[in-house]
Every structure is written in structure tokens, then in C-alpha cells.
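Okay, here's what each chain looks like letter by letter:
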Amino acid sequence: QLQASGGGLVQAGGSLRLSCAASGRTFTGYVMAWFRQAPGKEREFVAGITWSGGTTSYADSVKGRFTISRDSAKNTVNLQTNSLKPEDTAVYYCAARRPPVYSVLRSINSYNDWGQGTQVTVSS
């Protein structure tokens, strides 16, 4: 099971660090990703990373502001969010795609496991 944490309320221009952890397993060979869903909107891809090679991919809307990373020692996937904007307000979900998989996938249907979500609210 994936556990997402680190959300909160922040002013525009601020930062938050989201974290996703799994109990009882490692992410070797997985692709991990963050999605988000704002009220009244569909869930959308934010960023993804291949666990083995560390290849990353970002949505255009967050490129240059968000950074996804993995911590093998802690078995976590992190999303550093900087220069936050009100339009970044959403529930953020981490997701895992089991192996075999060789690149970051952007489709919701490509992911097998989902965390419960963590709320990020950016005030103007």
C-alpha cells in the first residue's frame, strides 16, 4: 500500500515536499508517478520516474518548478514543489506501475497501485 504525505496550505510562491512510501515492498523495476486532481477536473499526470534508471518526465505545467526523486535507502518517492501557484491546488496522488516497465507512462490506466492522496492548497 502506498502512503502519500506532505501536503498542506501554502501561499503562492511557496514550496512543499510530498513523499510516497510503501510498506512491505521495494520499488525495484517500478515506474513511480505523481498525479493530481483538482475539484471538478480529471486526474492528470504531474511527474514520473523510473526507479532503476532515474529517468524523469514532467507535465509541461510543472516543468522547471517541480522535481521528482527517489530515495532507495528510505524506499520513498518524493516530489519537491517550488514556486507554487493557485492552479496547483489539488489532491496529489502517488502511483506505481509494476514491472516490467521501461519508461515513464502518463496514462492513469497504466498504473496498478495508488496512494490515498494528500491535499495541496495554494492561496493567492
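Provided above is the structure to which this section pertains.
A short tour of the structure in this document, coming up.

Cut-offs applied
- Residues numbered from 1 in each chain as written.
- Predicted model: local features only at pLDDT ≥ 70, side-chain atom pairs only at ≥ 80, totals over all residues.
- Heavy atoms only, no water.
- Helix = DSSP H or I, 4+ residues; strand = E, 2+ residues; numbered from the N terminus.
- Buried < 20%, exposed > 50% of the residue type's maximum accessible area, 1.4 Å probe, protein only.
- Core = buried A, V, L, I, M, F, W, Y, C linked by side-chain atoms within 4.5 Å.
- Pairing = 2+ DSSP bridges.
- Disulfide = S-S within 2.5 Å.

1. Some words on unusual backbone geometry
At step 1: Of note, the bond from proline 99 into proline 100 is cis; its omega dihedral lies within 30 degrees of zero at 5°.
At step 2: Checked against the element boundaries, proline 100 lands in the loop between β9 (90-97) and β10 (113-114).
At step 3: Unlike most non-glycine residues, asparagine 75 shows phi in positive territory, near 55°.
At step 4: When you line up the elements, asparagine 75 lands in the loop between β7 (66-71) and β8 (76-81).
At step 5: With a relative accessible area of 12%, asparagine 75 lands in the buried category.
At step 6: Positive phi, close to 50°, is recorded for serine 83, a residue that is not glycine.

2. Structural notes on the nonpolar core
At step 1: Ranked by size, the top nonpolar core spans 38 residues in total, and within it Met32, Trp34, Val77, Leu79 and Tyr92 carry the most contacts.
At step 2: Elements that contribute at least two residues to this core include exactly β1 (2-5), β3 (16-22), β4 (31-37), β5 (44-50), β7, β8, β9 and β11 (118-123).

3. Some thoughts on the pairing of β5
At step 1: Among the seven residues that make up β5, six are buried, leaving the element largely enclosed by the rest of the structure.
At step 2: In the sheet, β4 pairs with β5 via six bridges, with the strands oriented antiparallel. Of the residues in β5, the one forming a bridge with tryptophan 34 is alanine 47.
At step 3: A loop of six residues connects β4 with β5, the two strands running antiparallel in sequence, and glycine 40 in this loop sits at a positive phi of about 75°.
At step 4: Turn length for the β5-strand β6 (residues 56-58) hairpin, with the two strands adjacent in sequence and antiparallel, is five residues, and the turn residue glycine 54 shows positive phi of about 75°.

4. A word on the state of the cysteines
At step 1: Within the structure shown, the criterion is met by one disulfide.
At step 2: Covalent S-S linkage joins cysteine 20 and cysteine 94, the inter-sulfur distance amounting to 2.3 Å. An S-S torsion of about 65° defines the bridge between cysteine 20 and cysteine 94 as right-handed. Taken together, the residues cysteine 20 in strand β3 and cysteine 94 in strand β9 connect sequence positions 74 residues apart.

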